[in-house]
Amino acid sequence: VYRILTYTIKTKASEERAERVDTLNRAIRSGLTVVFTIFGAMALLSEFGIDISVLLGGAAVFSIAIAFGAQSLVKDYFSGFMILSENQYRVGNVVKINGISGMVEDISLRTTILRDLQGAAHFIPHGEITIVSNLTHLWSRVELNIGIAYKENVDQVMDVIMETAKKMREEPEYKWLITDDPEMLGVDDFADSAVVIKALVK
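Below, the structure is looked at part by part. (Residues numbered from 1 in each chain as written. Predicted model: local features only at pLDDT ≥ 70, side-chain atom pairs only at ≥ 80, totals over all residues. Heavy atoms only, no water.)

1. Some points on the overall build of the protein
- In terms of helices and strands, the protein carries five helices and eight strands.
- Order of helices (α) and strands (β) in the protein, N terminus to C terminus: α-α-α-α-β-β-β-β-β-β-α-β-β.
- Within the span of the protein, comprising 202 residues, buried residues form 27% of the whole.
- Residue pairs at least 24 apart in sequence account for 50% of intrachain contacts in the protein once pairs closer than 6 positions are excluded.
- When the accessible surface of the protein is split by element, carbon and sulfur atoms take 61% of a total near 13,800 Å². (Helix = DSSP H or I, 4+ residues; strand = E, 2+ residues; numbered from the N terminus. Buried < 20%, exposed > 50% of the residue type's maximum accessible area, 1.4 Å probe, protein only. Contact = heavy atoms within 4.5 Å. Areas by Shrake-Rupley, 256 points an atom, 1.4 Å probe, with all protein chains shown as cover.)

2. What to know about a nonpolar patch on the surface
- A contiguous nonpolar surface patch, about 340 Å² in accessible area, is contributed by Val1, Ile28, Leu32 and Phe36.
- Checked against the element boundaries, Ile28 lands in helix 2 (residues 14-47).
- Under the relative-accessibility criterion, Ile28 is labelled partly exposed at 35%. (Patch = residues over 30% accessible without salt bridge, like charges linked within 9 Å, V, L, I, M, F, W, Y side chains within 5 Å. Salt bridge = Lys/Arg side-chain N within 4 Å of Asp/Glu carboxyl O.)

3. With respect to the pairing of strand 2 (residues 100-107)
- Both strand 1 (residues 94-97) and strand 2 contribute to a ladder of four bridges, which runs antiparallel. Residue pairing across strands places Val94 opposite Met103, the latter belonging to strand 2.
- Linking two consecutive strands that pair antiparallel, namely strand 1 and strand 2, is a turn of two residues; a positive phi of about 50 degrees is found at Asn98 within it.
- Summarising the sheet, strand 2 and strand 3 (residues 111-115) pair through four bridges and their orientation is antiparallel. Across the sheet, the residue bridging to Met103 is Arg115, located in strand 3.
- Linking strand 2 to strand 3, which pair antiparallel, is a turn of three residues. (Pairing = 2+ DSSP bridges.)

4. Focus: the sheet that holds strand 6 (residues 142-148)
- An order of 6-8-7 is seen for the three strands of this open sheet, with the pairing classed as antiparallel. At either end of the open sheet lies a strand with only one pairing partner, and these are strand 6 and strand 7 (183-190). When the angles between neighbouring strand axes are averaged without regard to direction, this sheet yields 25 degrees.
- Across the sheet, helix 5 (residues 154-170) touches strand 6, strand 7 and strand 8 (195-201), and the angle it forms with strand 7 is around 140 degrees. (Axes fitted to C-alpha atoms, helices over the stretch in contact; angles between N-to-C directions.)

5. Quick look at helix 4 (residues 71-85)
- Between its first and last C-alpha atoms helix 4 spans 21 Å; for 15 residues at 1.5 Å apiece the expected length is 21 Å, and the two agree.
- Along helix 4, the residues that are buried comprise Asp76, Ser79, Gly80, Ile83 and Leu84. Angularly, the buried residues of helix 4 cover 135 degrees about the axis, an arc narrow enough to put them on a single face. Set apart from the buried face of helix 4 by more than 90 degrees, the exposed residues are Gln71, Val74, Phe78 and Phe81.
- Immediately beyond the C-terminal end of helix 4, within one or two residues, lies Asn87, with a positive phi of roughly 55 degrees. (Expected span 1.5 Å × (residues − 1). Arc of directions from axis to C-beta.)

Next comes the structure, spelled out in structure tokens:
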């Protein structure tokens, strides 16, 4: 599965391609595991001389009985298929789902596992997902809120912030991370003990 995905998925960014391949690889492997387990069990039963047709007939009746209770499960799998096919998020992305923020640690066809800043793992069924906010889709933005004393020269402070941000973009360690010139929005708030200056870095 991994080799097929590696050859078929083509994107410009190597990191994005690797995340996409890893995500689909996990989901497809989990689905194939279920399928092969079922067929393997049926083959094993036939080897022991058990009539599978009788079991299949009983399974058909049993499946009708549980169909009404499995609607949410079908919804989970269908929603998971749509999330993966539309590439809404991948393993490694930072997202917010149903008010829970965290890094996508794993994706199957049924659930997404988010790991928050406290280290807690959240298992979210795909059928319950209504809105996904992907904070790292293609690019992300750092919002800097810097508080300075009221006695300081605001214009001079903003110049220093912009100069520092531009120098960081020229450094080898950061230049591949900072994809655009920093943006200064200016004074954003007058707090009790500080003037808050807001700047954005892409």
